[in-house]
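Chain and residue survey
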Amino acid sequence: GRYLPTKVTSGLAVTKIVAIGGPILKGRKLIVGPRTASFDGKPILQTFPSAFNEADLLQIRLDNVGELLQSGRNGIAKHIVHINIVDGTPEGLHIQVNRWTQPSEGDYINVKVSMHQRPGQDGHCGNFNGNSADDDRLQVISRIGKAGVPAEELLFNTKTPVVAAHRPDINDCPAVQLDQAKAYCKAKGGGKLIPSMACLVDYCFAGKGFIVKG
């Protein structure tokens, strides 16, 4: 996936685009964003509702039917992409992409993946080994690093820098401390839904006292 901030997330990243490829799609590539989608570089799902099928590989549907993957979305028109990939299992691999394009928020997506465990699986959603304890963010980073997807495996044309050099990285903040930082920074910001990145970094790496003095 590609992760970037919107104008209301105070520097925190949201999911902007999801790309699917590799052996499961037999070397072909599907990209879905908030407003557009493509398969092997050709636009698909250009009307609403719409569908796209590739025999013995995948079926895709765009409609307004499906569960909300984020709180606070009730009452907003739903635009949901349903992706069913043939993966050799009876159930297949299912991906739901909820598209959000509210002008006041900026464009982004929510993604839900339903699948069987795969050998060597690891990353954003953990390693799917039945032990949620080792899906902690810092443990995942310790296994796969924090430079993002290797260049040779990249499905996008360009790579978004993951870590700014010589700067504190919020991904290095332990989960419990980061939760405390989020609660504190939300309150400090007057109850804002999304705390500021600057406040989170200060809390995690300089301490609450530094924020109070600053």
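For the structure itself, consult the block above.
Presented here is a report on the structure given in the accompanying data block. On a predicted model such as this, the values are computed, not experimentally measured, just so you know.

Quick look at the state of the cysteines
- On inspection of all chains with the given rule, the structure shows two disulfides.
- Between the sulfur atoms of cysteine 173 and its disulfide mate cysteine 204 the distance is 2.1 Å. Here the disulfide of cysteine 173 and cysteine 204 is left-handed, its torsion about the S-S bond being about -75 degrees. Remark: cysteine 204 occurs in helix H3 (residues 197-205) and cysteine 173 occurs in the loop between helix H1 (137-144) and helix H2 (175-188); sequence separation between them is 31 residues.

Section: the sheet that holds strand E1 (residues 2-5)
- Taken in spatial order, the five strands line up as E1-E2-E3-E4-E5 in an open sheet, and their pairing is antiparallel. In the strand order of this sheet, the two ends are held by E1 and strand E5 (42-44), each with one partner. Strand-to-strand twist of the sheet, defined as the mean angle between neighbouring strand axes without regard to direction, takes the value 25 degrees.
- The pairing of strand E2 (residues 13-20) with strand E3 (residues 30-32) spans three bridges and is classified as antiparallel. The residue of E3 that forms the bridge with valine 18 is valine 32.

A few points about the pattern of salt bridges
- Applying the stated criterion across every chain yields a total of seven salt bridges.
- A salt bridge links glutamate 67 to lysine 112; the nearest nitrogen and oxygen atoms lie 2.5 Å apart. Separated by 45 residues along the polypeptide, glutamate 67 in the loop between strand E7 (58-63) and strand E8 (79-85) and lysine 112 in strand E10 (residues 108-114) bring together distant segments of the chain.
- Given a relative accessible area of 39%, glutamate 67 falls into the partly exposed group.

Points about H2
- Relative to the 20 Å expected for 14 residues at 1.5 Å per residue, H2 spans 20 Å between its end C-alpha atoms, a close match to the ideal helical length.
- Those residues of H2 that sit buried are Leu178, Ala181, Tyr184 and Cys185. Along the axis of H2, the buried positions cluster into a sector of 130 degrees, meaning they face one direction only. In this structure, H2 carries Val176 and Ala187 as exposed residues pointing more than 90 degrees from its buried face.
- Two residues or fewer past H2, glycine 190 is found with a positive phi of approximately 80 degrees.

Things to note about the nonpolar core
- With 21 residues, the main nonpolar core has Leu30, Leu58, Ile60 and Ile83 as its most contacted residues.
- Contributing elements (two or more residues each) for this core: E2, E3, strand E4 (37-39), E7, E8 and strand E9 (93-100).
- If near-sequence neighbours (up to four positions away) are discounted, isoleucine 83 is found in contact with Ile20, Leu30, Val32, Gln59, Ile60, Leu93, His94, Ile95 and Val97.
- Grouped together as the second largest cluster of nonpolar side chains are 12 residues, Ile170, Ala181, Tyr184 and Cys199 included.

Quick notes on the sheet that holds E10
- Read across the open sheet, the five strands follow the order E6-E7-E8-E9-E10; overall the sheet is antiparallel. Whereas interior strands pair on both sides, the edge strands pair on one side only; in this sheet they are strand E6 (50-54) and E10. With direction set aside, neighbouring strand axes in the sheet form an average angle of 10 degrees.
- The sheet contact formed by E9 and E10 spans seven bridges and is antiparallel. Its bridge partner lying in E10, glutamine 96 is registered against lysine 112.

Conventions we followed
- Within each chain, residues carry numbers counting from 1 in the order of the written sequence.
- Under the rules for a predicted model, residues below a pLDDT of 70 receive no local features and side-chain atom pairs below 80 are neither given nor counted, while totals for whole chains, interfaces and linings still include all residues.
- Working from all heavy atoms in the structure, the side-chain values ignore hydrogens and water.
- Defined by distance alone, a disulfide is two cysteine sulfur atoms within 2.5 Å.
- Only DSSP runs of H or I with at least four residues qualify as helices, and only runs of E with at least two residues qualify as strands; both kinds are numbered from the N terminus onward.
- Any two strands with at least two DSSP bridges between them are considered paired.
- Lines fitted to the C-alpha atoms define the axes, with helices restricted to the stretch that makes contact. Angles between their N-to-C directions range from 0 to 180 degrees.
- What counts as a salt bridge is simple: a side-chain nitrogen of Lys or Arg found within 4 Å of a carboxyl oxygen of Asp or Glu.
- Exposure is judged per residue with a 1.4 Å probe applied to protein chains only, and the accessible area is read against the type maximum: over 50% gives exposed, under 20% gives buried, and values in between give partly exposed.
- Expected span of a helix: the number of residues minus one, times 1.5 Å.
- Think of it as the arc spanned by the lines of direction from the helix axis to the C-beta atoms.
- Throughout, nonpolar core names a set of buried Ala, Val, Leu, Ile, Met, Phe, Trp, Tyr and Cys residues whose side chains join them through atoms within 4.5 Å.
- Any two residues whose heavy atoms approach within 4.5 Å at even a single point are treated as in contact.

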